[in-house]
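Examining the three-dimensional arrangement
Given next are the chains, with one letter for each unit.
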Amino acid sequence: MHPTAIRADLLDFSADPGLDAPDSPAVRWRPDHWLLIDAQGHVLDYNTTFQSWVDKESEKHMADVRIGKAVPLQAFFSQAHHEEVATFLQHLFEGELRPDDTKRYKVSMGNRLINLWGDVANAAKKRPLFVVYCTDISWEKSLQTSFTHTHKMQALGRLSGSIAHDFNNILTGIIGFADILLTKFFPGDRAFTEIMQIKQNAYRGANLVRQLLSFSKHQPMEVRLLDPIHHLSEMIPLVERL
């Protein structure tokens, strides 16, 4: 016999005739994910909805619950959050859960982030039982990760913008001095060609600066057709020296 068929009579349903016993389909298949625990924090029962969350590692614990073995509530959650579960149980047993605690107890269950909440199941009985409700709030973790990533990108944008401005000032000086040097040589001179290479590379750097500034200000970049032969030909003098 399933343990819920035995434990259903442990709950005090006389106070609310309209309340279904946990072994009834109305409760076992309801969308809430719940576990029934005793005052020692041992799991006595669970509904089918909660069972759908369990991974292979926790299947053994559920099998133990079904045969009546004492399985602590912590066994179903990540070991890193066992202390958090213990704190939750302490507050639940001592009646210290407050309405503003509904988002306080967050624990991991496999790949899910779970929020715990609980209530007394049969305060009128000598053996008190408690219901632990589990809510999947993994979306909050995803939202927080996305929010953090957005802040990082904004910080990166500000940093790149600051670097781009400083680098642009350096390139402006290089281009200016290159123009001065060009006035001292003729187009046929070797030095003239080398100075032109310096100037062209400085202009390439300035183009990268404009791209960084567009990225930092979230401005759309200009889309245009490029002649690869022209741009590669400008790089030939640099490659020939390698």
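Since the model is a prediction, treat every value here as computed from it, not as a measurement.

Here is what the cut-offs are and how they apply
- Residues numbered from 1 in each chain as written.
- Predicted model: local features only at pLDDT ≥ 70, side-chain atom pairs only at ≥ 80, totals over all residues.
- Heavy atoms only, no water.
- Pairing = 2+ DSSP bridges.
- Helix = DSSP H or I, 4+ residues; strand = E, 2+ residues; numbered from the N terminus.
- Contact = heavy atoms within 4.5 Å.
- Axes fitted to C-alpha atoms, helices over the stretch in contact; angles between N-to-C directions.
- pLDDT = per-residue confidence, 0-100.
- Core = buried A, V, L, I, M, F, W, Y, C linked by side-chain atoms within 4.5 Å.
- Buried < 20%, exposed > 50% of the residue type's maximum accessible area, 1.4 Å probe, protein only.
- Salt bridge = Lys/Arg side-chain N within 4 Å of Asp/Glu carboxyl O.

Some words on the sheet that holds strand S5 (residues 112–120)
Reading across from one edge, S3-S2-S1-S6-S5-S4 is the order of the six strands in this open sheet, with antiparallel pairing throughout. Two strands in the sheet have a free side with no partner beyond their single neighbour: strand S3 (71–72) and strand S4 (106–109). Against the sheet, helix H4 (residues 56–66) makes contact with strand S2 (42–46) and S3, and its axis sits at roughly 85° relative to S2, the strand it touches most.

Examining the confidence of the model for the protein
Scored by pLDDT, the protein comes out at a mean of 76, with 76% of its residues at no less than 70. At the low end of the mean pLDDT range in the protein sits helix H1 (residues 3–7), at 37; at the high end sits S3, at 92. A low-confidence stretch, residues 1–21 stays under pLDDT 50, and its non-local contacts, those more than four residues away or across chains, total 37 contacts.

Comments concerning the nonpolar core
Formed by 26 residues in total, the largest nonpolar core has its most connected members in Phe50, Leu73, Phe76, Phe77, Phe88, Leu116 and Cys134. For this core, the secondary-structure elements that each account for two or more residues are strand S1 (33–38), S2, H4, helix H5 (82–93), S4, S5 and strand S6 (129–136). Ranked by residues supplied to this core, first place goes to H5 with four residues. Excluding residues that lie within four positions of it along the chain, phenylalanine 76 makes contacts with Leu35, Val43, Phe50, Ser58, His61, Met62, Val65, Val71 and Met109. Core analysis: the next-biggest nonpolar cluster, separate from the first, contains seven residues, Leu171, Ala202, Val209 and Leu213 among them.

Looking at the pattern of salt bridges
Here the structure, examined in full by the defined rule, presents four salt bridges. Across the salt bridge formed by aspartate 64 and lysine 60, the nearest N and O atoms sit 3.3 Å from each other. Note that aspartate 64 and lysine 60 are positioned in helix H4 at a spacing of four residues, about one turn of the helix. Assessed through its relative accessible area of 12%, aspartate 64 is described here as buried. The exposure class of lysine 60 is exposed, given its relative accessible area of 54%. A salt bridge links arginine 190 to glutamate 194, with the nearest nitrogen and oxygen atoms 3.2 Å apart. On the criterion of helical spacing, the pair formed by arginine 190 and glutamate 194 is a turn pair, its members being four residues apart in helix H7 (residues 190–216).

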